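Residue strings, one per chain:
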Amino acid sequence: MIVGQQKDFEEIKKMISSYNRILVLGCQTCVAVSFAGGMREVEILASMIRMDRKMAGQDIEIIEDATLRQCDFEFIDSVENLVDDCDVVLSLACGVGVQALAERYPDKVILPGLNTSFMGLTEKMGVWSERCAGCGNCILDKTGGLCPIARCSKGLLNGPCGGSMDGKCEISSDVDCVWQLIIDRLRALNQLEKLEEIFPIKDWDVSGHGGTRKIIREDLTA
Amino acid sequence: MSTKTPSRLEKILAAGHMAVTSECGPPRGSKGEVITKKAEMIKDYVDAINITDNQTSVTRLCSLAACIRLKLMGVEPILQMVTRDRNRIALQSDILGAASFDLYNILCLSGDHQQFGDSPQGQNVFDLDSIQLIQTVRYMRDEGKFLGGDDIDQPPKMFVGAAANPFADPFEIRVPRLAKKIAAGVEFIQTQCIYNLEKFELWMKMARDRGLHEKVYILAGVTPFKSAGMAKYMKNRVPGMDVPDEVVNRMSGVPKEKQPEEGIKICVESIQRLKEVEGVKGFHVMAIEWEEKVLEIVEQSGLYPRPKIE
């Protein structure tokens, strides 16, 4: 899923400072799971904004809602009335949701209330970590199901580097060396010999460096 | 052994001499003479000098320019090149730039993470990793082609080196990793600083068991401690460094003013012992910001005078 983190309140305050009628619009899919942009977070943020404006003696009207999936036109069409009715939309969806709204409602200012952090999973309550970099050419078959592009600090394909110590990355003792994890897993799978295969120079063209990516399935578009 | 490049380092190794290399870090400014001064001091005691490439991710005068300065004064440089800061276009371009000044040695590295240095907010590149850079230089040299497949008009002639750290974890893959670098085409290795001699000897034995010592020239890395504080710092703070307690204790066991002398002594003793290890073909003496000590280390280790080879 996409993991997000709400922006600092001061930053949000500054973004919305010139608006008095705001739609705070969450998303009930990925970012709700990371407790950043679901209905609950919409309500809390709306309360904070109201309180802040009240203390400053300023009026504000806030509409609160959350779409099921803000990255899907089908779901954002259903909030058309709410969007029409406000000065600005403060979206608590990921960057895809924010852009979907902007695309659907070209005359409306859409503001991001979250930082879209990464594609990852919930390790345990309150802890999320990155798993996939969306490089466009999956290599997990060669690395024991653990991704060095997303999880090695240097994205090394022929790791580990010389900075791996006690299973940790050279950048911090809080960061696992994914190459150590890959080795442990390959050993358990009896595939350690895979480590001696040289990983060839990667084609980053499909990972976004070749320009914005798009998939067209002609069997579906016809 | 026959040689493939005009590298003086390669010739010395191929002739069966114990090679001696050292390294100089470029300045944090544009005073090129800092490099030439350091090189002038040690040049008669070493066969070639590495110039580090923004080591520990601290921005410095570039390795290529500093290497050219060495070349112009008649000293053999080893161009260190990390893949952290350049993509494949820049790497190949710098290799050609180096070749245009007749630089004949390159050390292929991935580089420390930028978090250690003065630009932790910067993007890293790692379009290639160190093993892929080894392959790239060999391809450019041996096939005379760019990675993109086009012909190079006068390919580079470089003796290709890499680093090896026998002490990083996990230990069991350290020799397979050396084998992988050899398969990629590396011709000489400079190791991480060796303080844990038993562990290094075990690593060398495991390398010999696979016949790797006959496929690559291994130069053992040594660095003298200036003080007990430095020993402790290297032990605790430098990634991938293995400094046994007994070495730290030996440094702390002598009065502060005697510590530099003790550090040199430990270094010389290490070289003496490592000379006897089958497969060690030379030494890489890294006297960090203490270059003047390279002279006495080389001399006291019986590695002076250096062979004359043209």
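Predicted model, so just to flag it, every value in this text is computed and none were measured. (Residues numbered from 1 in each chain as written. Chains lettered and ligands numbered in written order. Predicted model: local features only at pLDDT ≥ 70, side-chain atom pairs only at ≥ 80, totals over all residues. Heavy atoms only, no water.)

**Regarding the overall build of chain B**
Here is step 1: From N to C terminus, chain B includes 11 helices and 8 strands.
Here is step 2: In terms of overall size, chain B behaves like a compact globule, its C-alpha atoms giving a radius of gyration of 19 Å where 310 residues would be expected to give roughly 19 Å.
Here is step 3: Dimensions of chain B along its principal axes, counting C-alpha atoms only, are 60 × 45 × 40 Å.
Here is step 4: The 310 residues of chain B split such that 58% are buried.
Here is step 5: Across chain B, the fraction of contacts at a sequence separation of at least 24, relative to all contacts at a separation of at least 6, is 78%.
Here is step 6: When the accessible surface of chain B is summed, it comes to about 12700 Å², and 49% of that surface belongs to carbon and sulfur atoms.
Here is step 7: Put simply, chain B has 41 plus and 42 minus side-chain charges, and the middle of one group is 1 Å from the middle of the other. (Helix = DSSP H or I, 4+ residues; strand = E, 2+ residues; numbered from the N terminus. Rg over C-alpha atoms; globule rule 2.2 N^0.38 Å. Buried < 20%, exposed > 50% of the residue type's maximum accessible area, 1.4 Å probe, protein only. Contact = heavy atoms within 4.5 Å. Areas by Shrake-Rupley, 256 points an atom, 1.4 Å probe, with all protein chains shown as cover. Lys, Arg positive; Asp, Glu negative; His and termini not counted. Charge placed at Lys NZ, Arg CZ, Asp CG, Glu CD.)

**Topic: the pairing of strand β9 (residues 172-176) of chain A**
All names here are of chain A.
Here is step 1: When strand β8 (residues 168-169) meets β9, the two strands line up antiparallel, connected through 2 bridges. Residue pairing in the sheet places Cys169 in a bridge with Ser172 of β9.
Here is step 2: The hairpin turn running from β8 into β9, its antiparallel successor, is 2 residues long. (Pairing = 2+ DSSP bridges.)

**Focus: the interface of chain A and chain B**
Here is step 1: With 28 residues of chain A at the interface, the matching set in chain B holds 35 residues.
Here is step 2: Between chain A and chain B, roughly 2500 Å² of surface is buried when both sides are summed, and carbon and sulfur atoms account for 52% of that area.
Here is step 3: Considering only the side of chain A, the residues that lose the most area to chain B are Glu196, Ile198 and Ile201 of chain A, jointly responsible for 25% of the buried surface there.
Here is step 4: The tally of links from chain A across to chain B stands at 2 salt bridges.
Here is step 5: Here Glu196 of chain A and Arg210 of chain B are joined by a salt bridge, their closest N and O atoms 2.9 Å apart.
Here is step 6: Between chain A and chain B we count 22 residue pairs in polar contact (both at pLDDT 80 or more) in total.
Here is step 7: Among the residues forming the side of chain A that touches chain B, the class breakdown is 14 nonpolar, 7 polar and 7 charged. (Buried area = accessible area lost by both parts, 1.4 Å probe. Salt bridge = Lys/Arg side-chain N within 4 Å of Asp/Glu carboxyl O. Polar contact = N/O pair within 3.5 Å; in protein donor to acceptor, adjacent residues only side chain to side chain. Nonpolar A, V, L, I, M, F, W, Y, C, P; charged D, E, K, R; others polar.)

**Let's talk about the side chain of Glu23 of chain B**
Residue and element names in this part refer to chain B.
Here is step 1: Looking at where Glu23 falls in the secondary structure, it is placed in strand β1 (residues 19-24).
Here is step 2: Buried and unpaired, Glu23 has Lys38 as its nearest opposite-charge partner, separated by 9.6 Å.
Here is step 3: Here the side chain of Glu23 touches His284 through a polar contact of 2.8 Å, side chain to side chain.
Here is step 4: The residues contacting Glu23, other than those within four sequence positions of it, are Ile49, Asn50, Thr52, Gln80, His284, Val285, Met286 and Glu291.

**Concerning the sheet that holds strand β4 (residues 88-91) of chain A**
All names here are of chain A.
Here is step 1: Strand order in the open sheet made by the 4 strands is β3-β2-β4-β5, with parallel pairing throughout. Only two strands of the sheet have a single neighbouring strand rather than two, namely β3 (61-67) and β5 (109-112). Mean inter-strand twist for the sheet, computed between neighbouring axes without regard to direction, equals 25°.
Here is step 2: As paired strands, β4 and β5 are joined by 4 bridges and run parallel to one another. For Val89, the partnering residue across the bridge sits in β5 and is Ile110.
Here is step 3: This element, helix α1 (residues 9-16), spans β2 (21-27), β4 and β5 of the sheet and lies at about 170° to β5.
Here is step 4: Most of the contacts of helix α6 (residues 95-104) go to β5, to which it runs at about 175°, and overall it touches β2, β4 and β5. (Axes fitted to C-alpha atoms, helices over the stretch in contact; angles between N-to-C directions.)

**Describing the domain arrangement of chain A**
Here is step 1: When its domains are assigned, chain A resolves into domain 1 (2-118) and domain 2 (133-207).
Here is step 2: Here domain 1 of chain A and domain 2 of chain A have C-alpha centroids that lie 37 Å from each other. (Domains from an automatic or database assignment.)

**Concerning the sheet that holds strand β3 (residues 77-82) of chain B**
Residues and elements named next belong to chain B.
Here is step 1: Spatial strand order, β1-β2-β3-β4-β5-β6-β7-β8: 8 strands in a closed barrel with parallel pairing. Adjacent strand axes in the sheet meet at a mean angle of 30° when their direction is disregarded.
Here is step 2: Of the strand pairs in this sheet, β1 and strand β8 (residues 280-285) are connected by 4 bridges, and their pairing is parallel. Paired with Val20 across the bridge in β8 is Phe283.
Here is step 3: Against the sheet, helix α4 (residues 88-100) contacts β3 and β4 (105-109), and its axis sits at roughly 170° relative to β3.

**A few points about helix α7 (residues 197-209) of chain B**
All names here are of chain B.
Here is step 1: With 13 residues, α7 extends 18 Å from end C-alpha to end C-alpha; this agrees with the ideal 18 Å at 1.5 Å per step.
Here is step 2: Of all the positions in α7, only Leu197, Phe200, Trp203, Met204 and Ala207 are classed as buried. Viewed end-on, α7 has its buried residues packed into an arc of 120°, placing them on one side of the element.
Here is step 3: On its buried side, α7 packs onto β5 (159-164), α6 (174-184), β6 (188-193), β7 (217-222), α10 (259-275) and β8. (Expected span 1.5 Å × (residues − 1). Arc of directions from axis to C-beta.)

**Describing the nonpolar core**
Here is step 1: By size, the foremost hydrophobic cluster in this structure holds 70 residues, and its most contacted members are Ile106, Phe200, Trp203 and Leu274 of chain B.
Here is step 2: Non-local contacts of Leu274 of chain B, meaning those with residues more than four positions away in its chain, are made with Ile194, Leu197, Phe200, Ala220, Val222, Val280 and Phe283 of chain B.
Here is step 3: If you look at the next biggest cluster of nonpolar residues, it comprises 22 residues, including Ile16, Val42, Ile62 and Leu111 of chain A. (Core = buried A, V, L, I, M, F, W, Y, C linked by side-chain atoms within 4.5 Å.)

**Focus: the environment of Thr67 of chain A**
Residue and element names in this part refer to chain A.
Here is step 1: Along the chain, Thr67 turns up in strand β3.
Here is step 2: The exposure class of Thr67 is buried, given its relative accessible area of 3%.
Here is step 3: Considered as a pair, Thr67 and Ile182 are 115 residues apart in the sequence and their alpha carbons are 39 Å apart.
Here is step 4: Residues in contact with Thr67, not counting those within four places in the same chain, are Leu25, Gly26, Cys27, Gln28, Phe75, Ile76 and Val79.
Here is step 5: Side-chain polar atoms of Thr67 contact the backbone nitrogen of Gln70, separated by 3.4 Å.

**So, the pairing of β8 of chain B**
Residues and elements named next belong to chain B.
Here is step 1: Among the 6 residues in β8, 5 count as buried, and that is most of the element.
Here is step 2: As defined by bridge partners, β7 adjoins β8 across 5 bridges and the pair is classed as parallel. If you follow Leu219 over to β8, its bridge partner there is Gly282.

**Thoughts on the packing of aromatic side chains**
Here is step 1: In total, this model carries 6 aromatic pairs over all chains according to the counting rule given.
Here is step 2: Both rings, one in Tyr45 of chain B and one in Tyr304 of chain B, keep their centres 4.3 Å apart while their planes meet at 15°; by these two values the pair is stacked. Of this pair, Tyr45 of chain B sits in the loop between α2 (33-42) and β2 (48-51) while Tyr304 of chain B sits in the segment after α11 (293-300); the two residues are 259 residues apart in sequence, bridging distant segments of the chain.
Here is step 3: Tyr45 of chain B gets classed as buried once you look at its relative accessible area, which sits at 15%.
Here is step 4: The class of Tyr304 of chain B is partly exposed, set by a relative accessible area of 34%.
Here is step 5: Members of the aromatic cluster, joined through ring pairs, are Phe159, Phe188 and Tyr217 of chain B.
Here is step 6: The ring of Phe73 of chain A carries the charged tip of Arg104 of chain A above its face, separated from the ring centre by 4.4 Å. (Phe/Tyr/Trp six-rings, centres within 6.5 Å; stacked < 30°, edge-to-face > 60°. Lys NZ or Arg CZ within 6 Å of the ring centre and 35° of its normal.)

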